[in-house]
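Structural characterization, general
These are the residues of each chain, in order.
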Amino acid sequence: MSTYLVCVPHSPILMCYAREPTEHAAIQAAYARQVEAVRAFDPEVVILFGPDHYSGFHLDCMPAQCIGLRCRAVNDIGGFPGDFKVPEDEAIGLIDHLRAEGFDPAVSHSMTVDHGFSQPAHRILGAVDAYPVIPIFINVMAPPFQPFDRTRRFGAAVGSMPLLRQKRVLVMGSGGMSHHPTRYFPIVGQGDDKVTKWQLAGDRGGTFTEEEWLERLRAMHLEGAEMLTNGMRTREDIHLNPDFDRRFLDIFTTGNIQAFDTWKPEAVVAEAGIGSLELHTWIAAAAAHAEALGARPRTAIYADTLEYGIGFGMVYGTPAQKRGTLPTLKD
C-alpha cells in the first residue's frame, strides 16, 4: 500500500550525555514529530536496517547481511533490552524474495543485537515490541568493507517485495553520521588481546561474559561522555565532520542514491570515521522506500553534536500519496 521512511542515528551517549548540546531541544522535537508521523501512519510491518557492535555478530562468521526470524536486544548502555516481535511468515517471505532477486542474506533463528537496533525502535516506535519488526543486520564495522552499490541494490530488492505494496510498511535505517567509536569498538587487531578475542567469538572467546562485555561498554561510555565535554576527546578524535555529513545529506535528499555507488568505504572512513559506514543502513532503507514508490527523503534536522559523540542527522520520507493524510512536518 505505502511506505514511510525514517533514518536516524544511534549512540549510547545519546542516552547518557554529560552536557546537552545547543541543539538538544530541537533534536528532541524532531524525534517527537517522527513519533507522531509514525503513529499516524500506523505501520502494519516495520523493516529495520541496523548494525551491531560485536554484541551478537562476531568475526568467526560475519555475514554481509542477515535477516532475523527471532531477535533479542541486549541490555547495553544506550539500548533497550527485550524481544522484537518478528512476523516470521513475512520475514521468510522476504528471504525467499531476495533469493529470487539474486541475494543470499544469512538467516538467524536467534539474532542478538544491541543499541543499533533497540535505540531507534524504542525512540521512534515506543518499544522493541510495539510493532511487528523484520530486523535486517548490515555489517558496517568489520573489514573487508562491502561496497555501497551492493547495499543500495540489496535495499532496492527489499523494496520490490510485494509486501511493501500490500501493507503499510515503515522502513527504518539506523546509524551514522560522522563518528569514530574505536575507543569502544577497536578496528580489528588494534585492540588489546581480550577485546580482539571478544570480537572474534564473543563469550566463546573466553575473555568476557556477555555481562562483563556490556559492563565494560557502560563504564567506558559514561567516561567518554565526560571526556567529550572536558576536552579530553576532541572533534578530531571522533572524526566529527559536518562538511561530510552535509554533503551526504545534500545528495541523499535529492533521491539520487545511486551517486553513492562510487564512494569508497576506506575513503569515507578516513574522512568521517568508521561510524560513518553505518550510513549503509540509510542507503538500504532509502533504496527500499524508493523502489516502493515513496517520496524522496527530506532532512528533519542536522547538528554536529560533539556532546553526543556523533554528527546527528535525521531524515524522513513520506508515502507517495495525497497531501493531508499524514501530519505536516516542518524541517
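To be clear, the structure that these remarks concern was listed above.
Owing to the predicted nature of the structure, the values given are computational and were not obtained by experimental measurement. (Residues numbered from 1 in each chain as written. Predicted model: local features only at pLDDT ≥ 70, side-chain atom pairs only at ≥ 80, totals over all residues. Heavy atoms only, no water.)

Moving on, we get to the layout of surface pockets. The computed volume of the second largest pocket comes to approximately 290 Å³. Taken together, 20 residues line the second largest pocket, and the ones lying closest to its centre are Gly-56, Phe-57, His-58, Ser-110 and Thr-112. Mapped onto the lining of the second largest pocket, the elements with two or more residues apiece are strand S6 (106–108), strand S7 (111–113) and helix H6 (193–201). At three residues, S6 tops the list of elements feeding residues into the lining of the second largest pocket. In terms of residue class, the lining of the second largest pocket is made up of nine nonpolar, seven polar and four charged. (1 Å grid on protein atoms, 1.4 Å probe; cavity = no way out; pocket = protein on both sides within 12 Å on 5 of 7 lines; lining within 4 Å. Points joined across faces, edges and corners; volume = space filled by probe spheres on them. Helix = DSSP H or I, 4+ residues; strand = E, 2+ residues; numbered from the N terminus. Nonpolar A, V, L, I, M, F, W, Y, C, P; charged D, E, K, R; others polar.)

For the rest of this paragraph, the subject is empty space enclosed by the protein. Applying the stated criterion across every chain, the model contains two cavities of 30 Å³ or more. Lining the largest cavity are 20 residues, and of these Ser-11, His-179, Pro-181, Tyr-184 and Gly-309 lie nearest its centre. With three residues, the single largest contributor to the lining of the largest cavity is helix H7 (residues 210–230). Tallied by class, the residues present in the lining of the largest cavity amount to nine nonpolar, nine polar and two charged. Each pocket or cavity is described by its volume, and for the second largest cavity that value is around 50 Å³. Lining the second largest cavity are Pro-51, Asp-52, Tyr-54, Phe-57, Met-62, Phe-137, Ile-138, Asn-139, Val-140 and Met-141.

Throughout the structure, instances matching the rule amount to 17 aromatic pairs. Seen from their ring centres, Phe-57 and Phe-137 are 3.8 Å apart, and the 5 degrees between their planes marks the pair as stacked. Separated by 80 residues along the polypeptide, Phe-57 in the loop between strand S2 (45–50) and strand S3 (65–68) and Phe-137 in strand S8 (residues 133–138) bring together distant segments of the chain. Overall, Phe-137 belongs to the buried group, its relative accessible area being 1%. Centroid distance Tyr-308 to Phe-312: 6.2 Å. Interplanar angle 55 degrees. Geometry classified as tilted. There is no split in this pair, since Tyr-308 and Phe-312 are both buried. Through pairs of rings, three or more aromatic residues link up here, namely Phe-244, Phe-248, Phe-252, Phe-260, Trp-263 and Trp-282. Over the ring of Tyr-31 we find Arg-123, and its NZ or CZ is 3.8 Å from the ring centre. Lying over the aromatic face of Phe-208, Lys-194 brings its terminal NZ or CZ to 4.8 Å of the ring centre. (Phe/Tyr/Trp six-rings, centres within 6.5 Å; stacked < 30°, edge-to-face > 60°. Buried < 20%, exposed > 50% of the residue type's maximum accessible area, 1.4 Å probe, protein only. Lys NZ or Arg CZ within 6 Å of the ring centre and 35° of its normal.)

Take the nonpolar core next. Of all hydrophobic cores here, the largest spans 109 residues; its most connected members are Phe-49, Phe-84 and Leu-125. In terms of residue count, helix H10 (residues 279–291) provides more of this core than any other element does, eight residues in total. Setting aside chain neighbours within four positions, we find Phe-49 in contact with Phe-117, Ile-136, Ile-138, Phe-154, Val-158, Val-171, Met-172, Gly-173, Ser-174, Thr-281, Ala-284 and Ala-285. (Core = buried A, V, L, I, M, F, W, Y, C linked by side-chain atoms within 4.5 Å. Contact = heavy atoms within 4.5 Å.)

A word on the packing of helix H2 (residues 88–100) against helix H4 (residues 148–159). The geometry of H2 relative to H4 is characterised by a closest axis approach of 9 Å and an angle of 125 degrees between their N-to-C directions. With respect to their mutual orientation, H2 and H4 come out oblique. Our pair here, H2 against H4, has a crossing hand that is right-handed. On H4, the residues that touch Leu-94, His-97 and Leu-98 of H2 are Phe-154, Ala-157 and Val-158. Partitioned by chemical class, the residues of the contact of H2 with H4 number five nonpolar, one polar and no charged. (Axes fitted to C-alpha atoms, helices over the stretch in contact; angles between N-to-C directions. Parallel < 35°, antiparallel > 145°, perpendicular 65-115°, else oblique. Left-handed = near helix turned anticlockwise from the far one by under 90°.)

Limitation: the analysis is restricted to geometry and does not speak to function.
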